[in-house]
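So you can see what is in the structure, the chains are spelled out below.
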Amino acid sequence: NAGVTQTPKFRVLKTGQSMTLLCAQDMNHEYMYWYRQDPGMGLRLIHYSVGEGTTAKGEVPDGYNVSRLKKQNFLLGLESAAPSQTSVYFCASSISDTQYFGPGTRLTVL
Amino acid sequence: GQQVMQIPQYQHVQEGEDFTTYCNSSTTLSNIQWYKQRPGGHPVFLIQLVKSGEVKKQKRLTFQFGEAKKNSSLHITATQTTDVGTYFCAQATSGTYKYIFGTGTRLKVLA
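Described below are features of the structure shown in this document.

Thresholds applied
- Residues numbered from 1 in each chain as written.
- Chains lettered and ligands numbered in written order.
- Predicted model: local features only at pLDDT ≥ 70, side-chain atom pairs only at ≥ 80, totals over all residues.
- Heavy atoms only, no water.
- Contact = heavy atoms within 4.5 Å.
- Buried area = accessible area lost by both parts, 1.4 Å probe.
- Salt bridge = Lys/Arg side-chain N within 4 Å of Asp/Glu carboxyl O.
- Polar contact = N/O pair within 3.5 Å; in protein donor to acceptor, adjacent residues only side chain to side chain.
- Nonpolar A, V, L, I, M, F, W, Y, C, P; charged D, E, K, R; others polar.
- Core = buried A, V, L, I, M, F, W, Y, C linked by side-chain atoms within 4.5 Å.
- Buried < 20%, exposed > 50% of the residue type's maximum accessible area, 1.4 Å probe, protein only.
- Helix = DSSP H or I, 4+ residues; strand = E, 2+ residues; numbered from the N terminus.
- Pairing = 2+ DSSP bridges.
- Axes fitted to C-alpha atoms, helices over the stretch in contact; angles between N-to-C directions.
- Phe/Tyr/Trp six-rings, centres within 6.5 Å; stacked < 30°, edge-to-face > 60°.

## Digging into the interface of chain B and chain A
Step number 1: Listed by partner, the interface residues are 18 residues for chain B and 22 residues for chain A.
Step number 2: Taking both partners together, chain B and chain A bury about 1,700 Å²; carbon and sulfur atoms supply 57% of that area.
Step number 3: Three residues stand out in chain B for area buried against chain A, namely B:Tyr97, B:Tyr99 and B:Phe101, and they jointly supply 36% of the buried area on that side.
Step number 4: Taken together, the links from chain B to chain A amount to zero salt bridges.
Step number 5: Across the contact surface, chain B and chain A share five residue pairs in polar contact (both at pLDDT 80 or more).
Step number 6: Residues that form the side of chain B that touches chain A fall into these classes: eight nonpolar, nine polar and one charged.

## Some points on the nonpolar core
The nonpolar side chains of soluble globular proteins are, as a tendency, buried together.
Residues and elements named next belong to chain B.
Step number 1: One finds Ile 32, Trp 34 and Phe 63 to be the most contacted residues of the largest nonpolar core, which totals 20 residues.
Step number 2: Those elements that provide at least two residues to this core are β3 (19–25), β4 (32–37), β5 (43–49), β7 (61–65), β8 (71–76), β9 (85–92) and β11 (105–110).
Step number 3: Setting aside residues no more than four positions away along its own chain, Phe 63 makes contact with Trp 34, Leu 46, Ile 47, Leu 49, Glu 54, Val 55, Lys 56, Gln 58, Ser 73 and Leu 74.

## Here we look at the sheet that holds β7(B)
Residues and elements named next belong to chain B.
Step number 1: Taking strand neighbours across the sheet as the criterion, the five strands line up as β1-β3-β8-β7-β6 in an open arrangement whose pairing is antiparallel. What marks the edges here is a single partner per strand, and that holds for β1 (4–7) and β6 (55–58). Strand-to-strand, the axes of this sheet are offset by a mean angle of 15 degrees, without reference to chain direction.
Step number 2: One ladder, built from four bridges, connects β1 with β3; its direction is antiparallel. Paired with Val 4 across the two strands is Ser 25, which belongs to β3.

## Here we look at the packing of aromatic side chains
Step number 1: Applying the stated criterion to the full structure yields 13 aromatic pairs over all chains.
Step number 2: Ring centres 6.2 Å apart and planes at 20 degrees place the aromatic pair A:Tyr33 and A:Tyr48 in the stacked group. Highlighted residues: A:Tyr33 in strand β4 (residues 31–38) and A:Tyr48 in strand β5 (residues 42–49), separated in sequence by 15 residues.
Step number 3: We classify A:Tyr48 as buried; its relative accessible area is 9%.
Step number 4: When the centroid spacing of 6.1 Å and the interplanar angle of 80 degrees are considered together, the rings of A:Phe101 and B:Phe101 count as edge-to-face. Remark: B:Phe101 occurs in strand β10 (residues 99–101) and A:Phe101 occurs in strand β10 (residues 100–101); the pair is interchain, linking two chains.
Step number 5: B:Phe101 sits in the buried class, given a relative accessible area of 5%.
Step number 6: The rings of A:Tyr33, A:Tyr35, A:Tyr48, A:Phe90, A:Phe101, B:Tyr35, B:Phe45, B:Phe88, B:Tyr99 and B:Phe101 are connected pair by pair, giving a single aromatic cluster.

Listed below in structure tokens is the structure:
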């Protein structure tokens with residue numbers, strides 16, 4: 001099993017550009033999460049999903065959209081990137097309370 | 001809303017010394033989890049505590065949940081260089097699958 005994978009690993013965007021981050025898990029987990037991690041801020045929940053076709057807002061959802069069309073995939077979209085969205089993005093999945101994290105995507109917005 | 005405070009923010013110890021990080025919540029928690037993140041890595045689940053006053057051990061790591069279920073601690077005995085990283089506590093918002101993470105304690109172990 002690959003566990004939780006994230007694509008891409010690194011990305012540089014210009015302000016106003018859009019992009020989609022892909023998270024995939026092969027553990028048949030129901031719950032999936034997107035977090036952002038900034039220095040000194042810990043992990044902050046952006047959006048999460050409790051099952052295929054469902055999404056919900058986390059702590060910091062503004063400027064992001066998500067979709068969970070397939071159980072194994074959770075997509076995070078930035079419609080118009082801003083420098084404040086420069087961060088490391090982690091995806092996680094869980095079947096009970098234990099969250100399994102992907103390796104992260106380092107995004108820089110210039 | 002719920003807030004999770006973690007102290008200290010940073011800790012440097014000599015190899016062999018003990019280390020403790022504390023997690024405090026403004027509300028009563030249903031459970032608390034601990035994660036470790038190595039430098040450049042991703043968070044890895046360590047443990048979950050559910051019961052009031054619960055104490056669990058994993059080799060040199062001791063996890064404790066407060067009697068009032070508002071605080072928790074992680075204690076490492078005789079630190080090693082492999083313990084380097086950031087330790088996070090996390091709590092689930094009551095009745096949901098939303099998790100709030102503490103700001104983390106970054107541990108550096110000097111050989």
